Amino acid sequence: LERIASLCLELSRYEQAEECYRELLGCFPDQWTYWLGLVDACITQEQGIEEGWNKCRSYAEEVIANDTQKHSLRGPHLFLVELASLKVKRSNGPSEEIEKNLAYLRGEICKYSEKFAPLASCCFADIRPYLCILSKASCPEGNSGSPISNDLKLLLEWAKVMWSDNFQAVDDSSQSEVELSHDEARERRAKLRAYIFAIQFVYCLAAECEQLTLQLLEEYAPANKEIALEWRSSLTYLPGVAPKDGGQKEVLPGDELVLLMSQNLQKTASTKASDSSAMPLLEAAALLEEAMDHSPYNPHLKIASMGVYLQLGASHRALSIYQEMGVKQIQMDSCAYLILPSLITGGLYTSAVRLSSSILRLHSSTSKDIKDFASKALQNGYLFKAREMSTFQRAKMRPSLQLLYSKGVVMDCASLLNANDFEEISSGEQISSVKLGTEKGLCGGDEDIVRSEQIAIDSSSYFNAPCVIHEAANATSDDVCVYSDNRDMDINYFEILHRKQHLTQTEMVTDSLLKGHTHGLLVRAVMAVEAAKAPKKGKAPKSTEEIAYRCQSLTRALAKATHCSLGSLDADSIDESMRKVFSSLCDVIGVVIIGDAGTESDTLLGRENAAVRLLEAAVLSVNKAQTSFNSGGDARGALVCHLLPNCIVPIYTMIETTARLFSLFGWGKRKRLTKAAAGALACLALSFRSLVSDLLQAMTTHRRVEYGVGNETPLVGEDGLNRVVNEINLSREMTKDRVDPFLDQMRIDLTSYEEEE
């Protein structure tokens, strides 16, 4: 019947569709999709919008009147709010009509909320879309900074009365455990739901008025101290009644209060200067830690706590919380976005590779499993199931956005693997010295040749990380739409006042393709240098077919990468300056190896002079990047962690690869005073060393966090704050220990360019 109803809608047979949906709602009166279908069938231009609207309202009121169930149906009541919102959306007449429709919507919202706020924890989720509609309709664009409309003010005052009437905690002495009867406990639980709903209601409307948010919170929302008191009070009486609700007790009803306080504190921190924003975030983290002690299986507490810790630069603690959530299988594709980008900015490169590799293995195994299960479905005659599985694989899994991003992460961080972080190594077997490219990745060493060849081989398999090189090479400007964004953003629905900014689909695709271009150029550069021939008797070496092919491949790839990066990076950003350095080094390799082969103007001196000009331009770009970095303030630890795999290691690898080529041509490091090319490369290497030294210096300020308690009593005790500060300091220490060894190694190695003959 449901299929018939949808087909009738598609065929514009609205009367038949209306009959079908009425019949469906007679059987399932709480099914929301059927109510929406009834709207589509009734409110049409053919039947008359007003007439259809009246029919819908009459039917909903009829269902409500005939409702004899123990627990009231939410569907028909919410449908009345939906109908009121349709009036507002379609309002285009005089202002009196608009005001009348807004008042009508406001009234329906209040009716629904008064009935279901004490009964259902999901009441706010039901009403939230309509609050946004009312707010936007009553505050047109461009007037966000003006005083709020009368409708919003009345709603805020109504919500303030609701949370005031349902506040139950009086003082600390009232929080001693008491034995409550079933009816008393149920009543207190209902009042707690209404209290939570009213605060969510105020927060939502305040968030919609961006310029007045803090002012509205101060005037209409309870203070965080009152909310904390209510939460701690709820812990004394709810455990006795919660088991009677049925189901797994993964969430305590009062947990929402902690989420609301953390939202308030994060919003407060976002409006303060960086030096005074730490304390609200510390309080938020401490509250969430305390809440997780009481409710250890609440995923929203964990997600909120991760967000706060990441703002405080504590990536390791955030990773620990993420691991406690037990994200497995397909959830890795939909939930890894919560932590994966932050592992890079937190310097936890080995953990980032491990998580990304798990995502790659998931997609590889899923591809194989779907083939097997689809075949079995066909053999058993379930053709629609076989089609469903194959469509899921083609449309969702194979073009997964998270899969593409994970490939880029693995390629970027492969040379930064820290053997001390491997699970199979015990604490007694810790490796004292950590070196670049110990396990995998290109790092400018002799092993790069073998690794480049292996990367080229592995890139042919779609579920291997090196495949991102081929994806970047074959990408077009429209490829953003090709990838399926499987991230589950609905798990962040508790965010009201402060919403964590995640990478957009375009940013993830662009970043991953740029990584693919970078590593494609590195592989081609290493293989081109490996095929290069030394000059004889002061004459430029002759080109062979293999050398010409490899250099042309490098040149074409560089042109493609340059085109891809146009418009994706800020012209004055450090990343853009570093990209120019990297591109110049690619050009240097091509110019030195092949030059103008086959022409009379192709001489060894001409190749050297061309290389010198490119290297001098690269020095200017390094100096520009260094200036930009040093003007970025004190809190630059996350920037250093981002730059290391993204820019620093690739450029260092290219400098060492170029140095190998120059040695082949007799322009070794020790001839920097006698050979112009050697001197230019040494100048670039030493300028780059200066930048690396500045990165090391910036990491010294990333080690610890200081805080001080203000005049107001904190929401948590000193022990709770100290617990959070210790976690932050431990995490930052781990970040520094995983970044500094690589920077220090590069700084020492680049010192060799100061040596003379």
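Residues numbered from 1 in each chain as written. Predicted model: local features only at pLDDT ≥ 70, side-chain atom pairs only at ≥ 80, totals over all residues. Heavy atoms only, no water.

**Student:** I would appreciate a short explanation of the overall build of the protein chain in the present structure.
**Tutor:** Secondary structure assignment for the protein chain yields 29 helices and zero strands. For the protein chain, with 757 residues in total, the buried portion stands at 53%. Across the protein chain, contacts joining residues at least 24 apart in sequence account for 75% of those joining residues at least 6 apart. Within the structure as shown, the protein chain displays about 35,300 Å² of accessible surface, and the carbon and sulfur contribution to it stands at 50%. (Helix = DSSP H or I, 4+ residues; strand = E, 2+ residues; numbered from the N terminus. Buried < 20%, exposed > 50% of the residue type's maximum accessible area, 1.4 Å probe, protein only. Contact = heavy atoms within 4.5 Å. Areas by Shrake-Rupley, 256 points an atom, 1.4 Å probe, with all protein chains shown as cover.)

**Student:** I tried to follow the side chain of Gln266 on my own but got confused; where do I start?
**Tutor:** One can find Gln266 in helix 12 (residues 255–270). Assessed through its relative accessible area of 5%, Gln266 is described here as buried. A polar contact of 3.3 Å, which involves the side chain of Gln266, links it to the side chain of His498. With sequence-adjacent residues up to four places away left out, Gln266 is seen in contact with Leu281, Val308, Gln311 and His498. (Polar contact = N/O pair within 3.5 Å; in protein donor to acceptor, adjacent residues only side chain to side chain.)

**Student:** Can you help me understand the nonpolar core in this one?
**Tutor:** Taken as a class, soluble globular proteins show a tendency for nonpolar side chains to be buried jointly. If you look at the biggest cluster of nonpolar residues, it comprises 205 residues, and the most contacted ones within it are Phe201, Met578, Leu644, Ile648, Ile655, Leu684 and Phe688. Counting 25 residues, the second-largest nonpolar core is a separate cluster that includes Tyr21, Val39, Cys42 and Ile43. (Core = buried A, V, L, I, M, F, W, Y, C linked by side-chain atoms within 4.5 Å.)

**Student:** Where do I start with the pattern of salt bridges in this structure?
**Tutor:** The full count for this structure, using the stated rule, is 25 salt bridges. As a salt-bridge pair, Arg317 and Glu324 come within 3.9 Å of each other at their nearest N and O atoms. Residue Glu324 is classed as partly exposed on the basis of its relative accessible area of 47%. Here Asp412 and Lys515 are joined by a salt bridge, their closest N and O atoms 3.6 Å apart. Of this pair, Asp412 sits in helix 20 (residues 401–413) while Lys515 sits in helix 23 (residues 505–531), and the two are 103 residues apart along the sequence. By relative accessible area, Lys515 is classed as buried at 9%. Several salt bridges converge on common partners, so that one network encompasses Glu289, Asp293, Lys302, Arg317, Glu324 and Arg723. (Salt bridge = Lys/Arg side-chain N within 4 Å of Asp/Glu carboxyl O.)

**Student:** What's the story with the packing of aromatic side chains in this structure? I'm lost.
**Tutor:** Each aromatic ring pair is characterised by the separation of its centres together with the angle its planes make. Scanning the model with the defined rule gives 13 aromatic pairs in all. An angle of 50° between the planes, with centres 5.8 Å apart, marks the rings of Trp35 and Tyr59 as tilted. Residue Trp35 is found in helix 3 (residues 32–42), and its partner Tyr59 is found in helix 4 (residues 49–65); the two are separated by 24 residues along the sequence. Taken individually, Trp35 and Tyr59 each receive the classification buried, so the pair is uniform in this respect. (Phe/Tyr/Trp six-rings, centres within 6.5 Å; stacked < 30°, edge-to-face > 60°.)

**Student:** Quick question: what am I supposed to make of the environment of Asn464 here?
**Tutor:** With respect to the helices and strands, Asn464 occurs in the loop between helix 21 (448–458) and helix 22 (467–473). Separated by 57 residues in the primary sequence, Asn464 and Lys407 place their C-alpha atoms 7.3 Å from one another. Within the structure, Asn464 has its side chain in polar contact with the backbone oxygen of Asp458 (distance 3.2 Å).

**Student:** When you look at the environment of Ser583 in this model, what are you seeing that I'm missing?
**Tutor:** Mapped onto the fold, Ser583 is located in helix 25 (residues 574–593). Residue classification places Ser583 among the buried residues on the basis of a relative accessible area of 11%. Counting along the chain gives 25 residues from Ser583 to Leu558, while the straight-line C-alpha distance between them is 7.0 Å.

**Student:** Would you take a moment to explain the packing of helix 5 (residues 74–89) against helix 7 (residues 123–138) for this structure?
**Tutor:** In helix packing, the relevant descriptors are the interaxial angle and the interaxial distance, both defined with respect to the helix axes. The interhelical angle for the contact between helix 5 and helix 7, taken along N-to-C directions, is 15°, at an axis separation of 11 Å. When the axes of helix 5 and helix 7 are compared, the pair comes out roughly parallel. Two packed elements cross with a definite hand, and for helix 5 against helix 7 that hand is left-handed. For the pair helix 5 and helix 7, the contacting residues are Arg74, Leu78, Val81, Glu82, Ser85, Val88 and Lys89 in the first and Asp126, Ile127, Tyr130, Ile133 and Ala137 in the second. Across the contact of helix 5 with helix 7, the residue classes break down as seven nonpolar, one polar and four charged. (Axes fitted to C-alpha atoms, helices over the stretch in contact; angles between N-to-C directions. Parallel < 35°, antiparallel > 145°, perpendicular 65-115°, else oblique. Left-handed = near helix turned anticlockwise from the far one by under 90°. Nonpolar A, V, L, I, M, F, W, Y, C, P; charged D, E, K, R; others polar.)

**Student:** I'm lost on the packing of helix 23 against helix 25 in this one. Help?
**Tutor:** At a closest axis distance of 11 Å, the pairing of helix 23 and helix 25 adopts a crossing angle of 25°. In terms of orientation, helix 23 lies roughly parallel with respect to helix 25. Considering only the axes of helix 23 and helix 25, their crossing is left-handed. For the pair helix 23 and helix 25, the contacting residues are Thr518, Leu521, Leu522, Ala525, Ala528 and Val529 in the first and Phe582, Cys586, Ile589 and Ile593 in the second. Residues that form the contact of helix 23 with helix 25 fall into these classes: nine nonpolar, one polar and no charged.

**Student:** Quick question: what am I supposed to make of helix 27 (residues 637–664) here?
**Tutor:** Taking 1.5 Å per residue as the helical rise, helix 27 with its 28 residues ought to reach 40 Å, and the 38 Å between its terminal C-alpha atoms agrees with that figure. Maximum bend of helix 27: about 55°, positioned at Leu644, with proline Pro645 one to four residues after it. With 22 of 28 residues buried, helix 27 lies mostly within the body of the structure. Backbone geometry just after helix 27 places Gly666 at a positive phi near 80°. (Expected span 1.5 Å × (residues − 1). Bend = angle between axes of the 7 residues up to and from the residue.)

**Student:** I keep staring at unusual backbone geometry and nothing clicks. Help me out?
**Tutor:** As a rule of thumb, non-glycine residues mostly have phi less than zero, and peptide bonds are mostly trans rather than cis. Positive phi, close to 65°, is recorded for Ser12, a residue that is not glycine. Here Ser12 is to be found in the loop between helix 1 (2–10) and helix 2 (14–27). For Ser12, a relative accessible area of 39% puts it in the partly exposed group.

**Student:** Even after reading the chapter, I still don't get the side chain of His77, so can you show me in this structure?
**Tutor:** Within the secondary structure, His77 sits in helix 5. If sequence neighbours within four positions are ignored, His77 has contacts with Ile64, Tyr112, Lys115 and Phe116.

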